[in-house]
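So you can see what is in the structure, the chains are spelled out below.
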Amino acid sequence: MVTGGAGFIGSHVARRLTRRYPNVKVIVFDSLTYAGNIGNLTDIDGQTNYRFVHGDITDGAAVENTIREYGVDCIVNLAAESHVDRSITDPLIFARTNVLGTLTLLHTACMVWGDDTGGKLFYHISTDEVFGSLGFGDGPFNEETRYAPRSPYSASKASSDHFVRAFGETYGLPVIISNCSNNYGPYQFPEKLIPLVINNIRNEQPIPVYGTGENVRDWLFVEDHAAAIDLIIHRGRPGETYNIGGGCELNNLQLVKKLINLTDRILGRPEGASDGLVTFVRDRSGHDLRYAIDHTKITSELGWRPSTGLDEGLAKTVDWYMENTGWLESVTSGRYREYYDRQYGNKLT
Ligand code: NAD
Ligand code: TYD
């Protein structure tokens, strides 16, 4: 059961699992918030081992019915409110979904699985943002780094991680957590930096860069994250946490420049044509300066490493958004909500 499977990362995970394991039923459980779009999953619609369940992780009865109906033995929890800027303007929904939702999933899994936890797994997808902010001279986060969240988003993710660990210790639930760095790639909602920049270049709109543009993120191509999640589902050790990262640090201004070059080239514009769109705007409040991940543990224990370099991944990403302008337009106009109505015959509220 992949919660949040209609979102950005979840859709890549659901697609990968459905295709690679035809004998395993993959249940996408998603409440379809603004960030959920079953149009992200159209290419696996016809697969007989894929099911979509429209449900909310804070709804214990819906979670319980789904676990029982499909005999769920593995929950991969990606359902979340995921955007830092929204968490600053509307923190309560982050506590509701990320904390109470995860707790509801944990509680329900414990209740349904009882002592019969053999072969069961509760796998929680978290973020490197729970570790707080690094200075330029600091070493990267590893699995021993102390939690020090600084935004309402990262505080809610840290809280959910603590509940997951507590359920492992207290009730013997087989749990794993992975903490990943910033993802990018196809199907990312264009409120996040990379798709927002590509879309704004395409539409010749200002590119908002917060503060001075010196903040650093460690970027990972989303399919590499999905591969790591697949590996952890099958070979991860319950009770463990794994850090996942691209090993690829870049500041926001450097990243924006790369995106301008790639996008202008595809659009046939002269080099640097969109440089003038860069607009420095008021900084995000509490903006974390730098994230960087040490992924030695998952590499040495499970053999995972990122396989897509940043330049290759960015080129694939820009290509995808340029080839799928219909997706971008349906998401930015809100028309993507109608896909569900057509497919399932009732209106999304
Ligand atoms: P997203 O915002 O694109 O997707 C979230 C999905 O969760 C959506 O489909 C939404 O409809 C669903 N959802 C939200 N509330 C729900 C609820 N109450 N019940 C059921 N479904 C609900 O997020 P994403 O970027 O794909 O991130 C997925 C997970 O990975 C999150 O837990 C996030 O914290 C974590 N993560 C993200 C990144 C990143 O760079 N995007 C990095 C590390 C970790
Ligand atoms: P974002 O994609 O929101 O991810 P996160 O905040 O989870 O790291 O932002 C990535 C970086 O880009 C972050 O340092 C904030 C910055 N940013 C901008 O400069 N402008 C923008 O319009 C957005 C959305 C983000």
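Residues numbered from 1 in each chain as written. Chains lettered and ligands numbered in written order. Predicted model: local features only at pLDDT ≥ 70, side-chain atom pairs only at ≥ 80, totals over all residues. Heavy atoms only, no water.

Enquirer: Give a detailed account of the site of ligand 2, specifying residues and quantitative values.
Expert: Around ligand 2 sit 17 residues in total, of which Glu129, Pro208, Arg217, Arg284 and His287 are the nearest. Separating an oxygen atom of ligand 2 from a side-chain N or O atom of Asn182 is a distance of 2.9 Å. At 2.9 Å from an oxygen atom of ligand 2 is found a side-chain nitrogen or oxygen belonging to Asn252. Look at ligand 2: alone it shows 510 Å² of surface, and the protein chains cover 96% of it. Secondary structure elements with two or more residues in the shell around ligand 2: helix H6 (193-202) and strand S8 (207-210). Of all the elements, S8 adds the most residues to the shell around ligand 2, at 3 residues. Class assignment for the residues of the shell around ligand 2 results in 7 nonpolar, 5 polar and 5 charged. (Near = heavy atom within 4 Å. Polar contact = N/O pair within 3.5 Å; in protein donor to acceptor, adjacent residues only side chain to side chain. Areas by Shrake-Rupley, 256 points an atom, 1.4 Å probe, with all protein chains shown as cover. Helix = DSSP H or I, 4+ residues; strand = E, 2+ residues; numbered from the N terminus. Nonpolar A, V, L, I, M, F, W, Y, C, P; charged D, E, K, R; others polar.)

Enquirer: With reference to specific residues and values, describe the packing of helix H8 (residues 252-267) against helix H10 (residues 310-323).
Expert: Between H8 and H10, whose axes approach to 10 Å, the crossing angle comes to 50°. In terms of orientation, H8 and H10 fall into the oblique class. The chirality of how H8 crosses H10 is right-handed. Taken together, the residues of H10 that come into contact with H8 (itself represented by Leu255, Lys258, Leu259, Leu262, Thr263, Ile266 and Leu267) are Leu310, Asp311, Leu314, Ala315, Val318, Asp319 and Met322. Grouping the amino acids of the contact of H8 with H10 by side-chain chemistry returns 10 nonpolar, 1 polar and 3 charged. (Axes fitted to C-alpha atoms, helices over the stretch in contact; angles between N-to-C directions. Parallel < 35°, antiparallel > 145°, perpendicular 65-115°, else oblique. Left-handed = near helix turned anticlockwise from the far one by under 90°. Contact = heavy atoms within 4.5 Å.)

Enquirer: Now, about the side chain of Asn40: what can you tell me, with residues and values included?
Expert: Within the element layout of this structure, Asn40 appears in the loop between strand S2 (26-30) and strand S3 (50-54). Asn40 gets classed as buried once you look at its relative accessible area, which sits at 1%. Side-chain polar atoms of Asn40 contact the backbone oxygen of Ala6, separated by 3.0 Å. Other than its neighbours up to four places away in sequence, Asn40 contacts Ala6, Gly7, Ser11, Arg15, Tyr187 and Trp327. (Buried < 20%, exposed > 50% of the residue type's maximum accessible area, 1.4 Å probe, protein only.)

Enquirer: I'd like a description of the side chain of Asn49, backed by residues and values.
Expert: Along the chain, the position of Asn49 falls in the loop between S2 and S3. With residues near it in sequence (within four places) discarded, Asn49 still touches Thr18, Tyr21, Pro22, Val24, Lys25 and Val26.

Enquirer: Go over the packing of helix H4 (residues 91-113) against helix H5 (residues 152-171), please, and point to the residues and values.
Expert: Each pair of packed helices can be described by the angle between their axes along with the distance between the axes. In the contact formed by H4 and H5, the axes pass within 9 Å of each other and the chain directions differ by 15°. Classified by the angle their axes make, H4 and H5 are roughly parallel. The two elements H4 and H5 cross, and the hand of that crossing is right-handed. For the pair formed by H4 and H5, the contact residues are Pro91, Phe94, Ala95, Asn98, Val99, Thr102, Leu103, Leu106, His107 and Cys110 on the first element and Pro152, Tyr153, Ser156, Lys157, Ser159, Ser160, Phe163, Val164, Phe167 and Tyr171 on the second. A per-class count over the contact of H4 with H5 returns 13 nonpolar, 6 polar and 1 charged.

Enquirer: How would you summarise the site of ligand 1 if you had to cite specific residues and measurements?
Expert: If you check the shell around ligand 1, you find 28 residues, and the closest are Ile9, Asp30, Ser82, Tyr153 and Lys157. Contact distances for ligand 1 include 3.1 Å between a nitrogen atom and a backbone N or O atom of Ser31. Taken by itself ligand 1 offers 840 Å² of open surface, and the protein chains cover 97% of this. Elements with a contribution of two residues or more to the shell around ligand 1: helix H1 (8-20), strand S5 (121-127) and H5. Here the element with the most residues in the shell around ligand 1 is S5; it accounts for 3 residues.

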